[in-house]
Amino acid sequence: MEWEEQVELYSVLKDVLRQWYVILLFALSAAMLAAVVCVRTYQPVYTTEATLYVTRRGVDSSIYENQYSAQSMSERFEQLLNSSVLQKKVAQEVGMEAFQGTASAKVIEETNLITLKVSAATPRLSFLLMQSILKNYRVVTDYMTGSAILEVLKAPQVATQPDVPLAKVEWMKKAFLLAAGAMIFLLSVCSWVKDTIRQEGDIEKKLDSKRLGTLWHERRHRGRKKICIADPAVSFCYVESIHKIAHRIKKRMDERSARTLLVTSVQKKEGKSVVAENLALALARESEQVWLIPAERGRMEEALRAHAKYVIMDSEALDDSVQTEEIAALADACVLVVQEHRTEAAELKEALELLNGSSRKNLGCIYNNAQVYFQGEQGGYGYRYGTYGGYGYGR
């Protein structure tokens, strides 16, 4: 498997695991619906059984003759049970307008025994129908049975359990698994077809933009909402990455004689505020006069009058504010923060065109919250995190 495809599979897996609660809720809903449908559609059937034996009337008969008589009688008795004459008489005796049940007769192999079964919706009705059949079948069978005699060997008993128990739990389990599988498949397909930035190389490949650097995912710790490079608990990897990115941005801004830098993203929660704050700290450590302000025209003018060498503006997301576009037109340079596998590539390209304008103000993209690390076809792969610290997302 090509390593690019492995990146896709890891991204899909992350998307599915991230939506575990959606899968669980959907599966539980399907299980509850299956339980309701199962209970409402369930129609129990109770069967009462009796065993009859067959002998020849008035003559001594062998075992084989009795077996033959039982086989013949079973076939004729089956016809009798389904005859309208007997069913009408049984229904009248039970107090019903029609025969509400089913009856069957079957010979036990190599014996002169016949098993009679009567099924109905309730145990009581099944038992009453059986008793009525045993009482009245002789009235209409004398002409059919000939010399054969039917006698009850095992009397019928009231059924205590339905033939097929209510399988609510089994149906709930099946519905849960099927729904979970269907949702996992749907989420996987949606993730697979989503054209996003899944790896570092996609910045140049899909967006035709320069990558200023990569910020790897930092595990979240309690008590801290966002990351700051001034915090000693932040990983060395993250701090060094910020300083490298800040150095590249400073160099490109100096080449353009730029003072104002707009840091933005297409969507919320891509980490742009955290990036903006840490870039300001990194530049300030180089003994530069840096102002970090919200992206407002009045605040930008104030910072410039104060003779700040660099003014970093933390803006709203492009999808969330029209004002961001206006500030982008006034800023000397722009940086777009791109979180791994979040925003569609088409939206990112549109944002880059907007930020560039006619003077190509965009310095490049910062690949943020990267998690899957691949080294290519001959290298290894896996997840990469900061050593310690907690990752926080900006506005």
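What you see is a predicted model; the values in this text were computed from it and never measured.

Draft legend 1. Layout of the overall build of the protein chain. Helix and strand counts for the protein chain stand at 12 helices and 12 strands. Counting over 395 residues, the protein chain shows a buried share of 45%. Carbon and sulfur atoms make up 54% of the accessible area of the protein chain, which totals about 21600 Å².

Draft legend 2. Layout of a negative patch on the surface. A grouping of Asp319, Glu325, Glu326, Glu350 and Glu353 is seen on the molecular surface, where their side chains present a negatively charged patch. Taken together, the elements giving at least two residues each to the negative patch come down to helix 11 (323–330) and helix 12 (345–356). Position of Glu325 among the secondary structure elements: in helix 11. For Glu325, a relative accessible area of 36% translates into the label partly exposed.

Draft legend 3. Region of the structure containing the sheet that holds strand 8 (residues 310–314). Spatially, 6 strands are ordered 5-10-9-6-8-7 in an open sheet, and the strand pairing comes out parallel. Each edge of the open sheet carries a strand with a single partner, namely strand 5 (211–216) and strand 7 (290–294). With strand direction ignored, the average angle separating the axes of adjacent strands in the sheet is 20 degrees. When strand 6 (residues 260–264) meets strand 8, the two strands line up parallel, connected through 4 bridges. Its bridge partner being in strand 8, Val263 is matched across the sheet by Asp314. Of the strands in this sheet, strand 6, strand 8 and strand 9 (333–339) are in contact with helix 11, which crosses strand 6 at around 150 degrees. Helix 12 rests against strand 6, strand 9 and strand 10 (362–370) of the sheet, and its axis sits at about 170 degrees to strand 9.

Draft legend 4. Highlighting the confidence of the model for the protein chain. The share of residues in the protein chain with pLDDT of 70 or more is 83%, and the mean pLDDT across the chain is 82. Of all secondary-structure elements in the protein chain, the lowest mean pLDDT belongs to strand 12 (residues 381–383), at 43, while helix 2 (residues 20–41) reaches the highest, 95. Scored below 50 in pLDDT, residues 374–395 shows 84 contacts in the model against residues more than four places distant or in partner chains.

Draft legend 5. View of the packing of aromatic side chains. The tally for this structure, following the rule as stated, stands at 1 aromatic pair. Across from the ring centre of Trp171, 5.5 Å away, lies the NZ or CZ of Lys174, which sits over that ring.

Draft legend 6. A nonpolar patch on the surface, seen in detail. Side chains of Leu9, Phe185, Val189, Trp192 and Val193 sit close together on the surface and give an oily, nonpolar patch of about 510 Å² of accessible area. Ranked by the residues each element gives to the nonpolar patch, the list is headed by helix 6 (residues 168–193), at 4 residues. For Phe185, the position within the fold is in helix 6.

Draft legend 7. Structural detail: the environment of Met253. The topology assignment puts Met253 in helix 8 (residues 236–256). Classification of Met253 by relative accessible area gives buried; the value is 1%. Separated by 57 residues in the primary sequence, Met253 and Tyr310 place their C-alpha atoms 9.0 Å from one another. With near-sequence residues (within four places) excluded, Met253 lies in contact with Ala258, Arg259, Thr260, Leu261, Tyr310 and Leu363.

Rules and cut-offs
Residues numbered from 1 in each chain as written. Predicted model: local features only at pLDDT ≥ 70, side-chain atom pairs only at ≥ 80, totals over all residues. Heavy atoms only, no water. Helix = DSSP H or I, 4+ residues; strand = E, 2+ residues; numbered from the N terminus. Buried < 20%, exposed > 50% of the residue type's maximum accessible area, 1.4 Å probe, protein only. Areas by Shrake-Rupley, 256 points an atom, 1.4 Å probe, with all protein chains shown as cover. Patch = residues over 30% accessible without salt bridge, like charges linked within 9 Å, V, L, I, M, F, W, Y side chains within 5 Å. Salt bridge = Lys/Arg side-chain N within 4 Å of Asp/Glu carboxyl O. Lys, Arg positive; Asp, Glu negative; His and termini not counted. Charge placed at Lys NZ, Arg CZ, Asp CG, Glu CD. Pairing = 2+ DSSP bridges. Axes fitted to C-alpha atoms, helices over the stretch in contact; angles between N-to-C directions. Contact = heavy atoms within 4.5 Å. pLDDT = per-residue confidence, 0-100. Phe/Tyr/Trp six-rings, centres within 6.5 Å; stacked < 30°, edge-to-face > 60°. Lys NZ or Arg CZ within 6 Å of the ring centre and 35° of its normal.

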